[in-house]
Structure formats: structure tokens, C-alpha cells
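What the coordinates show
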Amino acid sequence: PVAIEAIGLVKDYGEGENVVHALRGVNVSFERGMFTAIMGPSGSGKSTLMHTMAGLDSATRGHILFDGADITEMNDRQLTLLRRRKIGFIFQSFNLLPMFTAEQNILMPLTLAGSKPDRVWLRTLARTLGIEHRLNHRPSELSGGQQQRVAIARALITKPKLVFADEPTGNLDSVSSGEVLDFLRRSVRELGQTIIMVTHDAVAASYADRAIVFADGAIVADERNPTPERMN
Ligand code: ADP
Ligand code: ADP
């Protein structure tokens, strides 16, 4: 089954002589339970695809079907609710709140939604990510790898169906990267999630089930990975 699908997706920035065609009619569907890497040179449209599919940025033309609805037809309030309930984001820059502890940061999406903290799931995430002993620390007291794990736990605390990750290992050394990517792979399997990850790193992409390559606002390659890095 398809988790999210873009149909004839066009995104232009600016107009007239200064128009930038960031997406030139992209057709792509992402199956449920798949971990996909999106690669391509800087400026090729990777972030724009991710932002429009997440409803953070409006499309110029085309449609985005997610969970039986066309998100290009939703208003801001509907989009906010959709993101809160069904989508998780992992950023390269972590975006943790410095005044709050790791635990408070992880629980923030539930706090903002006015939902009860899910302590059992928090413990499970923290244990699996190896940050149980760091939960009472603030981000400045954590290593880059630990901060990224906190950011991943925060993205997964609501058990989102769809996870967007923008260079999630961009600031990590290769050992931490491997552990984080392994965890994302397992998360896809265990929660039946769909993960779409933008990366410049071929090693990171080797953990994915599929790699899509962008150039100049269009998909130029789309390959299934017969041997993802680790099959555990
Ligand atoms: P990356 O290649 O890691 O996506 P970019 O430098 O391309 O980073 O983009 C960083 C941010 O700046 C993005 O949110 C993007 O939308 C915005 N951006 C990129 N190019 C332009 C531009 N020409 N004018 C205004 N904003 C831009
Ligand atoms: P990538 O993520 O692959 O680096 P982007 O999606 O950030 O590429 O950018 C695709 C194209 O759109 C680039 O030419 C970029 O400069 C342009 N762009 C991105 N965001 C903006 C923006 N907010 N305003 C104007 N141009 C933008």
C-alpha cells in the first residue's frame, strides 16, 4: 500500500525572469514500511520535495495524497493537525530547545498537543537509542550523537506513520551514524513506518530500501536496494 504519493508536483519559487523551477512535475509514490533515501546535488529540489510533501510549503501545481486525502487542498489548521498527529521530522541541526532537558524535549510534541506523556514508549525509545542515562541533561551537556538521538526520539514519540529526515546523520561521526541509521531501519520494521530521508552520503543511503536521485527538479534515478546495509 502507498503511504504518500506526489502527482505532477510542480514548485516554482519567484516569477517572471527570476522564476526557479524547484520541482518540474514530479511523480513518485512511497510505499508503507519503506525506508527511502533521496539523493542529488545541492539545489536539485530534495528539500523542496520534502517540505511540500510535509505541507510546510505549498505546491504550485499537482497533488499530494496522504492517508486518503489531498494535502494540497488543506488549510493551515488542517495541515498543522496532520503534521502533529501523523508526521515526524528529524533535522540535521537537531532543533532541540536548550532550556529543557532531553526528556522534556522528547515529550515536547505530546506536551504541545496537550496529550499525556507516554512514559513506557519514552523508556523504550531511550533504551533502544542508548540515551536512558542522559534524559535529565540539557542539550548543551550532550554530545552531537546524543543530541541527534534525542531529536530522533522526539520525532518518534507520537509514533508517526510518516517520518521525514533531512540529513539526519550530517553532524555525526561514522559510528554514531551507523547506529542511528540502524535504529531508523528497525523503527520502519517495528512500527510499520515510512521514512523519507534526504542525504548526501552514499553510506547513509545504503541503509535504505530504495534510493531516489534528483537533478534539476526531476527524478533521474530510482533504485531498489537488494542488500540494505544490515538486515536485523
Ligand atoms: P540544503 O541544500 O541543505 O537543502 P539550502 O542551502 O539549499 O540547503 O537551503 C536552506 C534553506 O534556504 C531551505 O529552507 C531553502 O528553502 C532556502 N533556500 C534555498 N535557496 C534559496 C534561495 N535561492 N532563496 C531563498 N531561500 C532559499
Ligand atoms: P536541495 O534540497 O536539493 O539542495 P532545494 O529544494 O533546497 O534543493 O532547492 C531547489 C531550488 O529551489 C534551488 O535552485 C534553490 O535555490 C531554490 N529554492 C529553494 N527554496 C527557495 C526559496 N525559498 N526561494 C527561492 N528559491 C528557493
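All values derive from a computational prediction rather than experimental measurement.

All right, on to the site of ligand 2 then. Around ligand 2 sit Y13, V20, A22, P41, S42, G43, S44, G45, K46, S47 and T48, and those are all the residues in its vicinity. One nitrogen or oxygen atom from the main chain of G45 is found 3.0 Å from an oxygen atom belonging to ligand 2. Here an oxygen atom of ligand 2 sits 2.6 Å away from a polar atom, N or O, in the side chain of S47. Compared with its free state, where it exposes 550 Å², ligand 2 has 59% of that area covered by protein. Where the shell around ligand 2 is concerned, the elements lending two or more residues are β2 (20-31) and α1 (46-53). Looking at the shell around ligand 2, the element that brings in the most residues is α1, giving three residues.

To continue, consider the nonpolar core. Core analysis: the largest hydrophobic core is formed by 39 residues, its most contacted members being F35, I106, I152 and I157. Looking at this core, the elements with two or more residues in it are β3 (35-39), α3 (102-112), α4 (119-129), α5 (144-156), β7 (162-166), α6 (174-191), β8 (194-198) and α7 (202-205). In terms of residue count, α5 provides more of this core than any other element does, six residues in total. Once residues within four sequence positions are removed from consideration, I152 is found in contact with I90, L129, V180, F183 and L184. Formed by 25 residues, the second largest nonpolar core is a distinct cluster that contains V26, I38, M50 and L79.

In spatial order, the strands read β2-β1-β4-β5; together these four strands make up an open sheet with antiparallel pairing. Edge positions in the sheet fall to β2 and β5 (69-70), since each of these pairs with one other strand and no more. In the sheet, strand β1 (residues 2-13) pairs with strand β4 (residues 61-66) via five bridges, with the strands oriented antiparallel. Bridge pairing in β4 places I4 opposite F66.

A positive phi angle, close to 55 degrees, is found at D67, a residue other than glycine. Within the secondary structure, D67 is located in the loop between β4 and β5. Relative accessible area serves as the criterion here: at 35%, D67 is assigned to the partly exposed category. The phi angle at D216 is positive, at roughly 50 degrees, despite the residue not being glycine. Locating D216 in the fold gives a position in the loop between β9 (210-215) and β10 (218-224). The exposure class assigned to D216 is exposed, which follows from its relative accessible area of 52%.

Look at α3 against α4: their axes get within 11 Å of each other, and the N-to-C directions meet at 120 degrees. Put simply, α3 runs oblique to α4. When you trace α3 past α4, the crossing you get is right-handed. Residues E103, I106 and L107 of α3 lie in contact with α4, whose contacting residues are R119, L122 and R123. Partitioned by chemical class, the residues of the contact of α3 with α4 number three nonpolar, no polar and three charged.

Moving on to the packing of aromatic side chains. The final tally for this structure, using the stated rule, is two aromatic pairs. Taken together, a centroid distance of 6.0 Å and an interplanar angle of 10 degrees make the contact between F89 and F91 stacked. By relative accessible area, which is 19% here, F89 ends up buried. Ring centres 6.0 Å apart and planes at 20 degrees place the aromatic pair F89 and F164 in the stacked group. Residue F89 is located in strand β6 (residues 87-90), and its partner F164 is located in strand β7; the two are separated by 75 residues in the primary sequence. A single burial state applies to F89 and to F164, both of which are buried. Grouped by ring-pair contacts, the aromatic residues F89, F91 and F164 constitute a single cluster.

The next subject is the pairing of β3. Consecutive side chains of a regular strand alternate in pointing toward one face of the sheet and then the other. Within β3, five of the five residues are buried, leaving the element largely enclosed by the surrounding structure. Judged by which residues are buried, β3 turns out to be covered on both faces: F35, A37 and M39 on one side and T36 and I38 on the other are all buried. Both β3 and β8 contribute to a ladder of four bridges, which runs parallel. Note that in β8 the partner of I38 across the bridge is V198. Two elements, β3 and β9, share four bridges in a ladder whose sense is parallel. Paired with I38 across the bridge in β9 is I212.

Parameters and conventions
Residues numbered from 1 in each chain as written. Chains lettered and ligands numbered in written order. Predicted model: local features only at pLDDT ≥ 70, side-chain atom pairs only at ≥ 80, totals over all residues. Heavy atoms only, no water. Near = heavy atom within 4 Å. Polar contact = N/O pair within 3.5 Å; in protein donor to acceptor, adjacent residues only side chain to side chain. Areas by Shrake-Rupley, 256 points an atom, 1.4 Å probe, with all protein chains shown as cover. Helix = DSSP H or I, 4+ residues; strand = E, 2+ residues; numbered from the N terminus. Core = buried A, V, L, I, M, F, W, Y, C linked by side-chain atoms within 4.5 Å. Buried < 20%, exposed > 50% of the residue type's maximum accessible area, 1.4 Å probe, protein only. Contact = heavy atoms within 4.5 Å. Pairing = 2+ DSSP bridges. Axes fitted to C-alpha atoms, helices over the stretch in contact; angles between N-to-C directions. Parallel < 35°, antiparallel > 145°, perpendicular 65-115°, else oblique. Left-handed = near helix turned anticlockwise from the far one by under 90°. Nonpolar A, V, L, I, M, F, W, Y, C, P; charged D, E, K, R; others polar. Phe/Tyr/Trp six-rings, centres within 6.5 Å; stacked < 30°, edge-to-face > 60°.

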